[in-house]
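Analysis of the macromolecular model
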Amino acid sequence: MEKTRLKLARLHGKPEIFYSIQGEGRSVGVPSVFLRTALCNLHCFWCDTDYTWNWKGTRFKHEHDANPDYQKFDKKEWIEACLVEDVADTVASFRCTNIILTGGEPMLQQPVLLELIQKLREKSPLFTFEIETNGTMKPTPAFDEAVNQYNVSPKLENSNNPRKLREKPAALRFFSASPKANFKFVMTEKADLEEVLTMLQQYAIPPEKVWLMPEGTTASALAERRESLVEICKEHGFRYSDRLHVQIWGSKKGV
Ligand code: SF4
């Protein structure tokens with residue numbers, strides 16, 4: 001029988017698995033191993049991991065389209081189908097127990113990620129797993145049981161995804177009620193706030209589960225939005241999140 005494979009993003013010729021620190025949201029600063037899954041069910045205009053979905057031959061728009069050097073990605077070259085055992089061995093070799101499953105959209109691959117989680121927990125029960133998700137897919141009961149934390153980042157109008165794709169009520173209600181979930185909103189301008197407030201009200205998301213984060217892949221872009229965002233957080237009882245990895249490494253990948 002053919003073994004299950006996990007589709008990871010391929011960066012610099014190998015699957016994107018790296019040891020760094022969590023740069024955003026609730027666990028900011030925690031040393032963590034990151035696994036970047038390939039594929040996404042959304043196509044955000046400003047996505048900084050567009051090599052997981054912006055394939056040649058598709059018509060999705062991206063903010064870099066105006067750059068003459070920007071090209072869409074060849075799907076065959078940017079996906080690495082990995083054996084779960086191999087990925088588990090690589091992850092375990094870092095001697096770090098907090099694992100962040102990110103993407104793309106990792107929840108597109110729940111069954112194989114569950115296998116990976118189980119394999120790693122066989123190696124050590126100390127492993128903890130955070131999922132970075134766009135909040136459009138509900139976890140299966142088994143996946144939910146295995147995961148420690150969801151960092152849910154629902155996309156707003158500024159992402160340029162149609163609302164019916166980016167806002168899935170059943171999934172948002174699930175995460176709103178889950179004690180494992182926190183919400184992170186990427187803010188580009190003050191006007192995004194109205195949309196966030198409507199969503200919080202509609203899905204009964206309490207303010208203490210909400211982190212607002214400036215959009216930007218350079219320290220100066222983050223700095224421009226920081227002060228007004230902090231004021232919004234103070235007013236509404238939200239948490240503010242910076243993007244620590246951008247402050248340290250800019251838009252460099254895999255660090
Ligand atoms: S959901 Fe995340 S990975 Fe997918 S397109 Fe949007 S920002 Fe990129």
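Residues numbered from 1 in each chain as written. Predicted model: local features only at pLDDT ≥ 70, side-chain atom pairs only at ≥ 80, totals over all residues. Heavy atoms only, no water.

Thoughts on the side chain of Asp50
You can see Asp50 is positioned in the loop between strand S4 (31–36) and helix H1 (75–78). Excluding anything up to four places from it in sequence, Asp50 contacts His62, His64, Tyr70 and Phe73. (Helix = DSSP H or I, 4+ residues; strand = E, 2+ residues; numbered from the N terminus. Contact = heavy atoms within 4.5 Å.)

Some remarks on the pattern of salt bridges
For the structure on display, the rule yields 13 salt bridges. As a salt-bridge pair, Arg10 and Glu80 come within 2.5 Å of each other at their nearest N and O atoms. Of this pair, Arg10 sits in strand S1 (residues 5–11) while Glu80 sits in strand S5 (residues 79–83); the two residues are 70 residues apart in sequence, bridging distant segments of the chain. Between Lys184 and Glu132 there is a salt bridge, with its nearest N and O atoms 2.8 Å apart. Of the two residues, Lys184 is situated in strand S9 (residues 181–187) and Glu132 in strand S7 (residues 128–133); the sequence distance between them amounts to 52 residues. For the pair shown, Lys184 and Glu132 are each scored as buried. Because the salt bridges share partners, they merge into one network encompassing Glu24, Asp48, Glu132, Lys184 and Arg243. (Salt bridge = Lys/Arg side-chain N within 4 Å of Asp/Glu carboxyl O. Buried < 20%, exposed > 50% of the residue type's maximum accessible area, 1.4 Å probe, protein only.)

Section: the environment of Leu39
Within the element layout of this structure, Leu39 appears in the loop between S4 and H1. Residue Leu39 is classed as partly exposed on the basis of its relative accessible area of 22%. Distance from Leu39 to Glu105, taken between C-alpha atoms, is 6.3 Å for residues 66 residues apart in sequence.

Brief notes about the sheet that holds S1
Spatially, the three strands line up as an open sheet ordered S2-S1-S5, and their pairing is antiparallel. Each edge of the open sheet carries a strand with a single partner, namely strand S2 (14–15) and S5. Direction of pairing for S1 relative to S2: antiparallel, over a ladder of two bridges. For Leu11, the partnering residue across the bridge sits in S2 and is Lys14. Strand contacts of helix H2 (residues 84–92): S1 and S5, with the helix running at about 90° to S5, the strand carrying the most contacts. (Pairing = 2+ DSSP bridges. Axes fitted to C-alpha atoms, helices over the stretch in contact; angles between N-to-C directions.)

A closer look at the sheet that holds S9
Here we have eight strands laid out as an open sheet, ordered S3-S4-S6-S7-S8-S9-S10-S11, and mixed in their pairing. Looking at the sheet topology across the chains shown, the edges are occupied by strand S3 (17–21) and strand S11 (239–240). As defined by bridge partners, strand S8 (residues 149–152) adjoins S9 across three bridges and the pair is classed as parallel. Pairing of Val152 across the sheet is with Phe183, part of S9. The strands that helix H3 (residues 110–123) touches are S4, strand S6 (98–102) and S7; relative to S7, the one it contacts most, it runs at about 160°.

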